[in-house]
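# Observations on the three-dimensional arrangement
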Amino acid sequence: MVLVRLLALSLFHVCLVGCQPNSSQQASSPPGEQSPLGTDKLSFPWSRLRLPRYIIPLHYRLLLHPNLTSLSFTGSVQIQIDVQNNTNWVVLHSKGLQIFNATILNQNLAHLSDQVLPVLHNPSHEQIGIFSPRVLSSGQKYFLYIEFGAELVEGFSGFYKSTYKTSTGETRTLASTHFEPTSARMAFPCFDEPIFKANFSLRIRRSQEYISLSNMPIVKTFEVNNDLLEDRFAASVKMSTYLVAFVICDFKSVTATTSSGVQVSIYAAPEKWSQTHYALEVAVKMLDFYEEYFNIRYPLPKQDLIAIPDFEAGAMENWGLTTYRETSLLFDPLTSSVSDKLWITMVIGHELAHQWFGNLVTMEWWNDTWLKEGFARYMEYISVEATYPDLKVEEYLLHTCFAAVGHDSLNSSRPISSPAENPTQIKEMFDTVSYDKGACVLHMLRHFLTDDVFQSGIVRYLRKYSFKNARNQDLWDSLANTCSEEDFISGKHCYSSGQATKNAYLFAGEHLDLTAMMNTWTLQKGIPLVTVTRKGPRLLLRQDRFLRTVLPSDPLWPTLQKGFLWHIPLTYKTDASSTIHRHLMTTHTDSIHIGEEINWVKVNTDMTGYYVVHYEDDGWDEMTKLLRENHTALSYKDRTHLIHNAFQLVTAGHLPINKALDLIGYLQYETHTVPLIEGLGYLETFYRVIEKRNEPELTHNLGMYILRFFRAVIDQQTWSDSGSVSERRLRSEVISLACHLDDPPCLEQAHQSFKDWLQSNGTLNLPTDVAETVYSVGAQDDHGWTSLLHTYNVSLSAAQKYKILFALTCSRDTSKLERLLELGLEGTVIRSQDLSSLILMVARNPRGHHLAWSFVKKNWDTLVKKFQLGSFCIRNILIGTTGQFSSPEELAEVRLFFESIKEQTSQLRATQIALDNVQKNVRWIQRNLETLRNWVNEQMK
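Every residue gets a number counted from 1 within its own chain, in the order that chain's sequence is written. This being a predicted model, a pLDDT of at least 70 is required before a residue's local features are given, and a value of 80 or more before pairs of side-chain atoms are given or counted; all residues contribute to the totals for chains, interfaces and linings. Side-chain calculation: all heavy atoms of the structure are included, whereas hydrogens and water are not.

Let us look at the sheet that holds strand β17 (residues 302–308). The 5 strands are arranged β15-β16-β17-β19-β18 in an open sheet whose pairing can be described as mixed. Taken across any chain shown, the strands that pair with only one partner, and hence form the sheet edges, are β15 (252–257) and β18 (315–316). Strand pairing is assigned whenever DSSP identifies at least 2 bridges connecting the two strands. Numbering of helices and strands runs from the N terminus; a helix is a DSSP stretch of H or I covering at least four residues, while a strand is a stretch of E covering at least two. Summarising the sheet, β17 and strand β19 (residues 321–325) pair through 5 bridges and their orientation is parallel. Residue pairing across strands places Ala307 opposite Tyr324, the latter belonging to β19.

Turning next to the packing of helix α19 (residues 725–740) against helix α20 (residues 744–759). Between the N-to-C directions of two axes lies an angle of 0 to 180 degrees, each axis being a line fitted to C-alpha atoms and, for a helix, fitted only over the stretch in contact. Their axes nearest at 8 Å, the elements α19 and α20 cross at an angle of 105°. As summarised for this structure, α19 and α20 are arranged roughly perpendicular, according to the angle between their axes. Along the contact surface, α19 presents Ile735, Ala738 and Cys739, while α20 presents Cys746, Leu747 and Ala750. In the scheme used here, Gly and all other residues not listed as nonpolar or charged are polar, with Ala, Val, Leu, Ile, Met, Phe, Trp, Tyr, Cys and Pro taken as nonpolar and Asp, Glu, Lys and Arg as charged. Among the residues making up the contact of α19 with α20, the classes are represented as 6 nonpolar, no polar and no charged. Each angle gets one of four labels, with under 35 degrees taken as roughly parallel, over 145 as roughly antiparallel, 65 to 115 as roughly perpendicular, and the rest as oblique. Note on contacts: a residue pair is in contact if any heavy atoms of the two residues lie within 4.5 Å.

Let's shift gears to the packing of aromatic side chains. Stacked, edge-to-face and tilted are the three classes for Phe, Tyr and Trp ring pairs, Trp counted by its six-membered ring, which pair at centre distances within 6.5 Å; planes under 30 degrees apart are stacked, over 60 edge-to-face, the rest tilted. Scanning all chains against the criterion turns up 49 aromatic pairs. Note on Phe294 and Phe357: the rings are 5.6 Å apart at their centroids and 70° apart in plane angle, and the pair reads as edge-to-face. Of this pair, Phe294 sits in helix α2 (residues 277–294) while Phe357 sits in the loop between α3 (338–354) and β20 (361–363), placing them 63 residues apart in sequence. For the pair Phe294 and Phe357, one class covers both residues: buried. When accessible area is computed with a 1.4 Å probe and restricted to protein chains, residues below 20% of their type maximum are described as buried, those above 50% as exposed, and intermediate ones as partly exposed.

Looking now at the domain arrangement of the protein chain. Domain extents, as shown, originate in an automatic or database domain assignment. Each assigned domain of the protein chain is listed here: domain 1 (50–250), domain 2 (251–487 + 513–525), domain 3 (528–649) and domain 4 (673–940). Once you take the C-alpha centre of each, domain 2 and domain 4 turn out to be 29 Å apart. In this complex, domain 2 contributes 41 residues to the contact, which on the side of domain 4 involves 37 residues. Buried area is understood as the total, over both parts, of accessible area removed when two parts are fitted together, assessed with a 1.4 Å probe. Counting the surface lost from both domain 2 and domain 4, the interface buries some 3,500 Å², and carbon and sulfur atoms represent 52% of this. Together, Glu312, Val338 and Glu428 form the three largest contributors to the area buried by domain 2 at its contact with domain 4, with a combined 19%.

Moving on to the side chain of Gln355. Among the structural elements, Gln355 can be located in the loop between α3 and β20. Taking relative accessible area as the criterion, Gln355 reaches 0% and is therefore assigned buried. Within the structure, Gln355 has its side chain in polar contact with the backbone oxygen of Glu317 (distance 3.1 Å). In this structure the side chain of Gln355 is engaged in a polar contact, spanning 3.5 Å, whose partner is the side chain of Asn359. Leaving out residues up to four positions away in the same chain, Gln355 has contacts with Tyr298, Gln303, Glu317, Asn318, Trp319, Gly320, Thr322 and Leu360. Think of a polar contact as two N or O atoms within 3.5 Å of one another; within protein, one of them needs to be a possible hydrogen donor and the other a possible acceptor, and neighboring residues in sequence only count if both atoms come from side chains.

Attention shifts here to the packing of helix α25 (residues 835–844) against helix α28 (residues 872–882). With their axes 9 Å apart at the nearest point, α25 and α28 run at an angle of 5° to one another. It follows from the interaxial angle that α25 and α28 lie roughly parallel. Along its contact with α25, which presents Ser836, Ile839, Leu840 and Ala843, the element α28 presents Cys873, Asn876, Ile877, Gly880 and Thr881.

Another point: the pairing of β17. Within β17, 7 of the 7 residues are buried, which leaves it mostly tucked inside the rest of the structure. On β17, burial covers both faces: Lys302, Asp304, Ile306 and Ile308 on one face and Gln303, Leu305 and Ala307 on the other are all buried. Taken together, the 5 bridges between strand β16 (residues 263–268) and β17 define a ladder with parallel strand orientation. Within the sheet, the bridge partner assigned to Val264 lies in β17 and is Gln303. For a crossover, the right-handed case is the one in which the path from the first strand over the helix to the second runs clockwise, viewed with the strands pointing away from the viewer. Note on the crossover from β16 through α2 to β17: the handedness is left-handed.

We now examine the sheet that holds strand β5 (residues 119–122). Taken in spatial order, the 3 strands line up as β3-β6-β5 in an open sheet, and their pairing is antiparallel. Strands at the two margins of the open sheet, each flanked by one partner only, are β3 (87–93) and β5. Sheet twist, expressed as the average angle between the axes of neighbouring strands with direction ignored, equals 25°. Bridge count for β3 against strand β6 (residues 127–136) is 6 bridges, and the pairing is antiparallel. Directly across from His93, in β6, lies its bridge partner Gln127.

The next point concerns the environment of Ala892. Along the chain, Ala892 falls in helix α29 (residues 888–900). Taking the C-alpha atoms as reference points, Ala892 and Gln919, 27 residues apart in sequence, are found 9.9 Å from one another.

Attention shifts here to the pattern of salt bridges. Every case where a carboxyl oxygen of Asp or Glu lies within 4 Å of a side-chain nitrogen of Lys or Arg is listed as a salt bridge. A full pass over the atoms with the stated rule returns 49 salt bridges. A salt bridge links Arg297 to Glu291, with the shortest nitrogen-to-oxygen separation between them at 3.7 Å. We classify Arg297 as exposed; its relative accessible area is 55%. Each member of the salt-bridge network shares a partner with another, and the members are Glu684, Arg688, Glu691, Lys692 and Arg844.

Turning our attention to unusual backbone geometry. Of note, the bond from Glu180 into Pro181 is cis; its omega dihedral lies within 30 degrees of zero at 0°. By the secondary structure assignment, Pro181 is in the loop between β9 (171–178) and β10 (199–207). Its identity is not glycine, yet Phe467 carries a phi of approximately 60°, on the positive side. Inspection of the secondary structure assignment puts Phe467 in the loop between α8 (451–464) and β21 (468–470). On the accessibility criterion, Phe467 (30% relative accessible area) is partly exposed. At Asp606, a position not held by glycine, the phi torsion is positive, near 55°.

Following this line, the structure appears as structure tokens:
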């Protein structure tokens, strides 16, 4: 427990000035004199999780020798340090490393001591302390030299082992790194916090059949002995430890050069080399785009992108050597769908945006993780829209914001900028709030300030903090064009703080304090609900915190609302003109004059604002009427936004479900794919919750209603890969749902396609947009399922493997689902990296629903060991397996299990999010099930 740990730590000696042993041990000697070593009496000198700030690393010279046969590595590191307080101690990070010896040298590389220096370990803080009998003097530089070794990790963090199989069945091994957020310390002793930026000079020893890659290019390779080579890499720019990377492998690459001369290479396993070409084209285009958009040259001579066979995340932005899952980098024209293509393009856009946001300018601490992740997520949309307009990426931004709303409307959400101290809490910062809400708040800010002002503000921010660290406030100051007096006097591009008010942005004729406004979005959790009421010529406005877990009638409601207030940049449109009107709402209630002659008003134009809108009284009836009579009066984004808000308000208890269902009645006239998919998505969600309950009649009737309502859309689909990106995405969604609902024409076509594919021995290439559905229907009989598992085993396409894995989990045979889960746990046939996805796929299946949950409970300790407690894999497993529970009994069962593991999970947000979700579902069923049943019965008459 945390209390016990804190109690134990209070026994350590803390010296705030120099962290020297206290007077009951050895007093520190005057600088230059040596004190006798009393190693048995030394206690760990530092009690905090964060390292002391008075020793600054300047340059790491790192030598590593991984052995891919013994699966271990040895190494040495020489760290030049700048000492800013007299001290006998150097405290830094190390986790799981065996320290062979440690030495401290002066600037002339002379040893400060002829004795072996004591190294103390504090495993609970992942720190080591090195004691120097001679005081390290303030203002002096020293060299810390450490020799170390460890096993290559079985997992996904630190310096770890990965393998892949060739088409002949041979297993080959590689070693790769993943350090973010706190795992560089697993590969070499270091000052593993983002603020300690330094230069890194790497040397890697390897046998001749391998290559080595790192952040910088190789400047020299020489022979150490017969079979051993050493690669020496150029010194890096100043960067944080979490961005250091190295890979030892036998991969092949494809290379091109950007217009400014940066060499870009894509690396993959030799037999997957042909799948690298699309990524190369994207990476070159993206680097060119970002150099122009940020008006700052990419500071390294090369950018490598490499597909690692075992990789927990989607990708990682290590400077100059970005690492990816195979599904995030490799595009196989024969098996990758248009959605796969878009995903790869967006992921590359995300990681390359990080080369500026995150790498060049790094957050000071992990509480502001959003400063890089929110920006990189948002830049995905800006970069892909500019470089690949045909991919229609802007259609996906709405869904990013909808995902953020879903999370942020639970009481268990958190502010964008939140405290995070230990590694588990830091890992949990990589969540929907940092990424999706961060991106949506930036989207709102960009529309609010205008594109040009936003762009010039972030360029100012990147220039000012290049190779440094920044906080929230630094971004607001850069966007508001204000800075310190010192910067102003030195002639930098900014105004003094005294002039800030003169430079405040005008919004709807009102002056604006950008910091005050943005603090309401980043320092408090949640999302506002703006309730709109027409009263004569005026629009009355009220803001509350939008919650889907508590009703206004609930006794908890006032407490959960207290203290919440946002500065909301409102936008709205009316039938009177195409003008987008603006209003800054900074109080709980407000009103706007719109005139008597207005028939309708739509608030939050194109959902550029991060808030939910409720139209009180007969406002929703007006919207339903407008959509029925003239839906094109609103943009496709506004139509999609109305559908989303209506169903969110149903969950929150502000709107009866039949009103929201009536609203989407207009979809039979809809031709745009985005609102169609949104409406279809809600009906599918209801169906998937209800099919997991003992409600056979309602399940059948709702399925029949969906098929009948969308009949024309279903019948329009061709089983091909033709059409625009939007049309192809709709095809995938519609055909998948139709076959899941046992639509006879859909099943017939899928069976025939699967039969043709089987007879061709896999040589027939199915249309990629429908392949997953064809496999899913084919997986329903024993022969089809077994054939698919065999193809999964031998396929060289990660995209195809993912589609087949999904199909295998659609089986109605629970013994097959159990077998898949066991294969995932064992980790050979189905890699451990895919286990969390596999568990969620099984949980989606009505037959695998409780099976997946039982599997998680039974194998909890193993799962935590594989993925680490704060990881998004564990978060997805907990939230995903319980996400469609909807009965009080299931809620009680989830509570009971979480209670049994509370010693581990007491610091996890994920358990509270999962409980909030189930509670929300239970309430949704209690409030809406009978209304839904009656409504469906009415429609079926």
